[in-house]
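Descriptive structure summary
Here are the chains, one letter per residue:
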Amino acid sequence: MQEKTKQIIIDDYDRIQAYEKVFSVEMPKVGPDGSISGLPAPFPRMVHGVERSGYRITELGRQAAQSDIPVQNPILGRNSGEETYQESCEMYKVAEELGIKLFHFVHSEATRHIDPLDGAELIEQSRGKGGITPMGERKFIEIGGGIKHPVRINATGDTPHLSIINSLIAGFDGTDIGPVIHVHFGGRGIHDYKTKVLNGYKALQVCADNNIFVQTDSHKHLNNIGGTDGMALAMCLMAEGLAIHAGLPKALSGLQMNVAGINLLADLALMRAFKQMMWSEFLIVVPETFQNPPADLIAEQAHFARMAMSAKLGGANFYRPKAAENVGIPTGVSMAKAIWATQNVFENMAQYEIHDPAIDRRQEEIIREAMAVLGATFELKSELTPDEVGPDFWLKYSAEELIERVVTAGKSGILDAPRAGGWDLKRGVKTHRDRDGIRRYVPGYGPVGVSPQKLAFTTEEVKVNQKVPITQKEKILLATIGADAHVMGINMIREAFEQAGYEVIFLRGMNLPETVAEVAAEAKVDVVGVSNLLGLGLTLFPRVGQHLQELGIRDNVLYIAGGRIAEKEEEHAQVEEKIKKEGTGFLGVDGFFGPGTNPADAIQWVRDNIHKGEK
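A few points on the structure.

**Some details on the overall build of the protein**
Helix and strand counts for the protein come out as 21 helices and 19 strands. Taking 2.2 N^0.38 as the reference for a compact globule, 615 residues should give roughly 25 Å; the C-alpha atoms of the protein span a radius of gyration of 24 Å, in line with that estimate. Relative to all contacts within the protein whose residues are 6 or more apart in sequence, the contacts with residues 24 or more apart total 76%. About 23600 Å² of surface is accessible on the protein, with carbon and sulfur atoms providing 50% of the total. Once the 65 positive and 80 negative side-chain charges of the protein are each reduced to a mean point, those two points are 2 Å apart.

**Concerning the packing of aromatic side chains**
One pass over the structure, following the stated rule, counts 18 aromatic pairs. Both rings, one in Y19 and one in F23, keep their centres 4.7 Å apart while their planes meet at 55 degrees; by these two values the pair is tilted. Taken together, the positions of Y19 and F23, both in helix 2 (residues 13-23) and four residues apart, correspond to about one turn of that helix. The pair Y19 / F23 is uniform in exposure class, with both members buried.

**Concerning the pairing of strand 11 (residues 282-287)**
Burial within strand 11 is extensive, with six of its six residues counted as buried. Residue alternation in strand 11 divides its side chains into two sets, F282, I284 and V286 and L283, V285 and P287, and both sets are buried. As judged from the six bridges shared by strand 10 (residues 253-259) and strand 11, these two strands associate in the parallel manner. Looking across to strand 11, one finds that N258 is bridged to V286. Handedness of the strand 10-helix 11 (residues 264-277)-strand 11 crossover: right-handed. With two bridges connecting them, strand 11 and strand 12 (residues 318-319) associate as parallel partners. Bridge assignment links I284 to a residue of strand 12, and that residue is F318.

**Comments concerning helix 10 (residues 229-246)**
Between its first and last C-alpha, helix 10 extends 26 Å over 18 residues, near the 26 Å set by a 1.5 Å rise per residue. In terms of burial, helix 10 is largely enclosed, as 18 of its 18 residues are buried.

**Re the sheet that holds strand 19 (residues 591-593)**
The strand order across the open sheet formed by five strands is 16-15-17-18-19, and the pairing between neighbours is parallel. The outermost strands of the open sheet, each flanked by one partner alone, are strand 16 (503-506) and strand 19. The average angle at which neighbouring strand axes cross in this sheet is 20 degrees, direction not considered. Relative to strand 17 (residues 527-532), strand 15 (residues 475-480) runs parallel, the two being bridged by five bridges. Residue pairing across strands places I476 opposite V527, the latter belonging to strand 17.

Criteria and cut-off values
Residues numbered from 1 in each chain as written. Predicted model: local features only at pLDDT ≥ 70, side-chain atom pairs only at ≥ 80, totals over all residues. Heavy atoms only, no water. Helix = DSSP H or I, 4+ residues; strand = E, 2+ residues; numbered from the N terminus. Rg over C-alpha atoms; globule rule 2.2 N^0.38 Å. Contact = heavy atoms within 4.5 Å. Areas by Shrake-Rupley, 256 points an atom, 1.4 Å probe, with all protein chains shown as cover. Lys, Arg positive; Asp, Glu negative; His and termini not counted. Charge placed at Lys NZ, Arg CZ, Asp CG, Glu CD. Phe/Tyr/Trp six-rings, centres within 6.5 Å; stacked < 30°, edge-to-face > 60°. Buried < 20%, exposed > 50% of the residue type's maximum accessible area, 1.4 Å probe, protein only. Pairing = 2+ DSSP bridges. Right-handed = clockwise from strand over helix to strand, strands pointing away. Expected span 1.5 Å × (residues − 1). Axes fitted to C-alpha atoms, helices over the stretch in contact; angles between N-to-C directions.

Written as structure tokens, this is what we have:
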């Protein structure tokens, strides 16, 4: 019983102890004789009066397949257990009125992405943002979370296996450890790619040992940073290979994907490609959010409704309703409205099969690329066919060999996306979203080692920005601060400054405020730009400024910031209004550029203020 879990606890005991210390929760102990105490029995088991098990989620997914109505998978997690439960009750109330069960995704705080042993200081500086705390998980279940509606937690990042052990203790039925293979693309954490894949495999082993439902991997994460559907399918299949090695039953495994709502035929082709190839029993569909959402949230909800239609027509098992995505963590009331609207779409539209040659062509195109990526990853001499990909294929390799193949492919540029965030990975592909809503490669910029004949390239005219020589005398430093894995926006700002002729030093994701200030002093930069999308700017932005002052350079640099002003929906407007009335002084910065900023406006503001001699 739980032999793999016990061995992982022994092997990573220093991190288990660090997790306990940093997050103030009691974790399993290893005795002098190697015995383990404090590890609860695997599921199914009674936790606070309810029999918890990943198979509670399995049952919901199977009901969806029979009824043709996806089970809703709303995401809502606040900083404490009490607050999460209070907000969740608003969702549960509308679910009761509709007579449905939810598969509740309780979002966890951002610090979970960080290794508690190597990143304790970063965790301390970012405490209590992004969702529920580890202690909050336990409290949430204790006071009633998951009684009727099964719950899962997210455990992505450097050490997902530690977060899953905590969720097992708390009593969560499932977890989200996807992405496993392309976890690096989110820029999450401080570990190298190999360590992340290894820890993802450990997480799968813990889930298999304890009957925990797993979102094994995700097309969504790669899609969000410009990757193609075929590349994402290949990566998800590789993660399934690791799940098979870990002993996870397919009945406890789901794959997540984005649908865009732009092109119904493309959405259906994508879902059919996954359903044709996937080993996992369940498909979890998530609506793709606007990169620049409209100010009118009614328009945004209309966009989400289109994607709910795609999910139902494509036969999704689970679908995540969205609410007020552009301002951070929603309230329970706004999430409840999204649930009501989504169920209304599901129950009041016809279920029919669409036959169109365009769907077939696109489905074949996605699978062709995925097979080519797998062939390159495993250096196969003959062309791989879809029928060959299954448990027998993955078990030809040992788990160690499979991990090594994946890591080598990531570092060589076979597994690639335009905005890959991992610091030890090669990046070279470029993609373009065509007018039909499909993302294709730009000619000459496909993944390394994959036959161009197996890839889809755009035929639209695309301007590829070549490296621009440095023509400006000012030097720019850009970085995200705190336990924030979001690098999309700051990457756009970086590219814009580089194209404008500036030298840019980019520190990528997750930095201590003090580190940013010290690099600024050492590199003698003229502009410091930081970003945070979790509402941490209110505390971390001033810390950068304070350390710049201590280093004696605050008066010599222009200090700007960006990101989401406040983490929670109800706080967002308040802080925006304060900026309008008082300026940015309370943030400790000279200028603030939030979501939706045109990079050209930020560049012009910097030019104007430097030239005026204000800094």
